[in-house]
Amino acid sequence: MRKTIIAMSFTTLALGAAPHVVAEPSQADIDRGKELAFSRKDGNCLACHKMDDGKLTGTIGPELVDMKTRYPDREMLFKRIWDETKFNPVTVMPPFGKHMIMSKDEINRVIDYLYTL
Amino acid sequence: MSRSTVTFGMVIALSIPLFAQAGPKDDFEKAYSQAERTHQEAGTFQWTTTSDRLKAAQEAAGAGDYDAAARLARDALELAQQSVAQQQDQKEAWRITAIGD
Amino acid sequence: MLKAKVILVALGAALAVPAAMAGSTPEEDRKEAVEYFKQMFPDVPYEEYVNGQYALDEDRRSQWESLQDFPPYEFAVAEGKEMFETPFANGKTYASCFENDGIGVRQNYPYFDEKNNEVITLELAINRCREANGEQPLKYKKGNIASISAYMASTSQGKKFNIKVQDSAEAQAAYQAGKEFYYSRRGQLNFSCASCHVQNPGNWIRADLLSPALGQPSNFPVHRSKWGELGTLHRRFAGCNRNVRAEPLPAQSTEYRNLEFFLTYMSNGLPVVGPSTRP
């Protein structure tokens with residue numbers, strides 16, 4: 001039973017990280033992404049990152065600008081939000097996907113929004 | 001139609017709703033006890049989010065909504081598994097940022 | 001999937017090596033920490049670390065200093081003094097439980113008690129004193145215990161922390177456990193104490209300025225505007241744990257006492273400035 005569940009969660013993880021075709025996001029997707037990025041209980045990106053029109057932003061992470069230039073590969077950006085510790089073991093960025101702070105869909109909405117910056 | 005077939009059919013018909021009732025409650029209880037056990041396993045690395053889901057699952061079960069309760073308990077289990085993974089990982093990984101060996 | 005596994009195994013192997021050779025002494029750790037922060041903040045004088053975030057930001061510091069004429073904890077300290085001096089039902093006072101009658105001793109806490117092999121914090125000693133004299137213990141996070149502890153700290157102002165980690169395996173283990181706690185990531189947000197206070201002091205997390213690890217316990221008990229009252233160090237530990245979505249441990253649990261032991265040892269040589277104020 002336990003094994004099955006662990007296997008299942010790995011499957012979820014693998015699916016989460018697997019490439020997928022992305023349609024052009026709607027304005028609603030982008031708005032939802034911004035809401036998630038700014039909300040304290042979800043992305044709370046402002047705690048560490050200067051971005052957009054966010055007020056009282058933190059200074060721990062880099063400013064989130066030119067995201068399309070910096071992350072032309074959407075999949076790479078997804079993976080880094082999913083679990084940045086895989087890329088940088090000493091990062092303080094929470095592993096949003098791995099630790100289920102945001103779902104796969106929520107992370108994708110955040111990315112829709114980040115790509116407008 | 002033979003008499004035994006009718007009886008068989010009736011037994012099936014009666015037992016379906018019984019199963020349907022026992023199912024979600026059973027699911028909930030199984031998932032909840034597993035989640036609770038895994039949460040305990042995390043020791044001093046428990047997450048508040050796991051505790052919150054467990055509590056919400058109990059409340060949903062108390063209100064008779066076993067579908068929601070089972071879903072919340074499964075969420076709690078996944079969170080608890082990650083907290084156990086974190087605890088295991090940190091047994092060595094804490095050294096990466098430590099000042100002094 | 002396989003690739004991820006291979007990387008994990010490789011990481012595990014790499015990490016196992018320093019573990020096997022682990023073993024810097026507490027004093028080596030402390031000196032290295034002093035050096036680390038000196039490089040991070042070359043302009044901050046060592047003694048300034050007791051002021052936490054105010055050592056790192058001019059604006060915050062001047063705002064803070066302008067509020068020091070009427071410190072909000074004064075009344076609590078006066079109450080603490082009165083409680084400290086009021087005899088228990090058996091006629092004895094707190095003074096009977098402490099060295100030098102409890103005056104000017106804050107800098108020696110926490111200490112490792114080699115008889116019972118445990119860390120004794122000032123608040124624990126206060127409650128053990130009560131119990132030894134037939135009184136009920138106080139709650140550990142705020143209220144009377146914070147007032148008494150604040151009074152005792154106020155009689156020790158300027159005295160330098162002098163925490164000792166004895167050579168015994170038990171004392172060393174308590175220190176190591178505290179150190180491991182400080183550097184271990186916890187909670188859904190995956191932060192250790194060090195994520196903020198070693199890796200990012202001087203940075204802002206939203207509207208909060210992160211303080212350095214050095215000097216952190218010097219100003220406790222502390223009056224936080226957020227609390228509107230005095231609180232103990234273990235109340236703060238619990239709050240930090242909760243912030244990262246980790247289930248807090250009980251105040252005065254073995255884990256928090258070991259953590260205080262490690263953290264206060266890091267501040268050896270810095271003066272007691274508690275009680276103080278923070279946002």
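Residues numbered from 1 in each chain as written. Chains lettered and ligands numbered in written order. Predicted model: local features only at pLDDT ≥ 70, side-chain atom pairs only at ≥ 80, totals over all residues. Heavy atoms only, no water.

### Observations concerning the overall build of chain A
Scanning chain A from terminus to terminus reveals 5 helices and 0 strands. Across the 117 residues in chain A, those meeting the buried criterion constitute 41%. Here the contacts in chain A between residues at least 6 apart in sequence split such that 50% fall between residues at least 24 apart. Summed over all atoms, the accessible surface of chain A reaches about 6400 Å², with 60% contributed by carbon and sulfur. (Helix = DSSP H or I, 4+ residues; strand = E, 2+ residues; numbered from the N terminus. Buried < 20%, exposed > 50% of the residue type's maximum accessible area, 1.4 Å probe, protein only. Contact = heavy atoms within 4.5 Å. Areas by Shrake-Rupley, 256 points an atom, 1.4 Å probe, with all protein chains shown as cover.)

### Looking at the state of the cysteines
One pass over the full model with this rule turns up 1 disulfide over all chains. Paired through a disulfide, C97 of chain C and C129 of chain C show a sulfur-sulfur distance of 2.1 Å. With the S-S bond torsion at 70°, the cross-link from C97 of chain C to C129 of chain C turns out right-handed. Residue C97 of chain C is found in the loop between helix 4 (74-85) and strand 1 (111-113), and its partner C129 of chain C is found in helix 5 (residues 122-132); the two are separated by 32 residues along the sequence. Here C45 of chain A is not cross-linked by a disulfide; its sulfur's nearest cysteine counterpart is in C48 of chain A, at 9.0 Å. No disulfide involves C48 of chain A; its sulfur sits 7.9 Å from the nearest other cysteine sulfur, which is in C196 of chain C. Among the residues examined, C48 of chain A registers a relative accessible area of 15% and is labelled buried. (Disulfide = S-S within 2.5 Å.)

### Regarding the interface of chain B and chain C
On the side of chain C, 28 residues touch chain B, which itself brings 21 residues to the contact. For the pairing of chain B and chain C, the buried interface totals around 2200 Å² over both sides, and the portion due to carbon and sulfur atoms is 57%. In terms of surface lost to chain C, no three residues of chain B exceed T44, W94 and I99 of chain B, which account for 31% of the buried area on that side. Where chain B meets chain C, there are 0 salt bridges. At the boundary of chain B and chain C, one finds 10 residue pairs in polar contact (both at pLDDT 80 or more). Elements supplying a minimum of two residues to the side of chain B that touches chain C: helix 2 (48-62) and helix 3 (66-93) of chain B. (Buried area = accessible area lost by both parts, 1.4 Å probe. Salt bridge = Lys/Arg side-chain N within 4 Å of Asp/Glu carboxyl O. Polar contact = N/O pair within 3.5 Å; in protein donor to acceptor, adjacent residues only side chain to side chain.)

### A look at the nonpolar core
Core analysis: the biggest nonpolar cluster contains 42 residues, and Y182, Y183, V198 and F261 of chain C have the highest contact counts within it. Looking at this core element by element, the count peaks at 7 residues for helix 10 (residues 254-266) of chain C. If near-sequence neighbours (up to four positions away) are discounted, Y183 of chain C is found in contact with Q90, W94, T97, A98 and I99 of chain B together with S192, A194, V198 and F262 of chain C. Counting 32 residues, the second largest nonpolar core, distinct from the first, contains C48, Y71 and F96 of chain A together with C196 of chain C. (Core = buried A, V, L, I, M, F, W, Y, C linked by side-chain atoms within 4.5 Å.)

### Quick look at the interface of chain C and chain A
Counting from both sides, the interface comprises 17 residues of chain C and, opposite them, 23 residues of chain A. Of all residues in chain C, R185, Q188 and R206 of chain C bury the most surface against chain A, accounting for 37% of the area lost on that side. Our count for the chain C to chain A interface comes out at 0 salt bridges. Tallied by class, residues from the side of chain C that touches chain A come to 7 nonpolar, 7 polar and 3 charged. (Nonpolar A, V, L, I, M, F, W, Y, C, P; charged D, E, K, R; others polar.)

### Some thoughts on the confidence of the model for chain A
When pLDDT is averaged along chain A, the result is 87, and 81% of the positions lie at 70 or above. When the criterion is pLDDT under 50, residues 1-19 of chain A qualifies, and its contacts beyond four places in sequence or with other chains add up to 19 contacts. (pLDDT = per-residue confidence, 0-100.)

### Focus on the pattern of salt bridges
Residues and elements named next belong to chain A. For the structure on display, the rule yields 23 salt bridges over all chains. We note a salt bridge from D29 to R109, for which the minimum N-O separation is 3.8 Å. Within this pair, whereas D29 is found in helix 2 (residues 27-38), its partner R109 is found in helix 5 (residues 104-114), the two being separated by 80 residues in sequence. For D29, a relative accessible area of 24% translates into the label partly exposed. For D42, the salt bridge identified is with K41, shortest N-O distance 3.6 Å. Within this structure, D29, R74, R109 and D112 form a network of salt bridges that share partners.

### Some words on the sheet that holds strand 5 (residues 222-224) of chain C
Residues and elements named next belong to chain C. In space, the 3 strands of this open sheet follow the order 6-5-7, with mixed pairing throughout. Only two strands of the sheet have a single partner each, and these edge strands are strand 6 (229-231) and strand 7 (276-278). Pairs of neighbouring strands in the sheet enclose a mean axial angle of 40°, with direction left out of account. Where strand 5 meets strand 7, 3 bridges bridge the pair, whose relative direction is parallel. Paired with V222 across the strands is S276, a residue of strand 7. (Pairing = 2+ DSSP bridges. Axes fitted to C-alpha atoms, helices over the stretch in contact; angles between N-to-C directions.)

### Overview of the side chain of H99 of chain A
Take H99 of chain A: it is sitting in the loop between helix 4 (74-82) and helix 5. Overall, the relative accessible area of 2% leaves H99 of chain A in the buried class. Not counting residues within four places of it along the chain, the set of residues in contact with H99 of chain A comprises W47, L79, Q82 and Q86 of chain B together with G187, Q188 and N190 of chain C.

### As for the packing of helix 4 of chain A against helix 5 of chain A
Residues and elements named next belong to chain A. Look at helix 4 against helix 5: their axes get within 10 Å of each other, and the N-to-C directions meet at 125°. In terms of orientation, helix 4 and helix 5 fall into the oblique class. The two elements helix 4 and helix 5 cross, and the hand of that crossing is right-handed. Contacts between helix 4 and helix 5 involve R74, L77, F78, I81 and W82 from the former and K104, I107, N108, I111, D112 and L114 from the latter. (Parallel < 35°, antiparallel > 145°, perpendicular 65-115°, else oblique. Left-handed = near helix turned anticlockwise from the far one by under 90°.)

### What to know about helix 7 (residues 169-183) of chain C
For helix 7 of chain C, with 15 residues, the first-to-last C-alpha span of 21 Å sits near the 21 Å given by 1.5 Å per residue. All of the buried residues in helix 7 of chain C are A171, A174, Y175, G178, K179, F181, Y182 and Y183 of chain C. (Expected span 1.5 Å × (residues − 1).)

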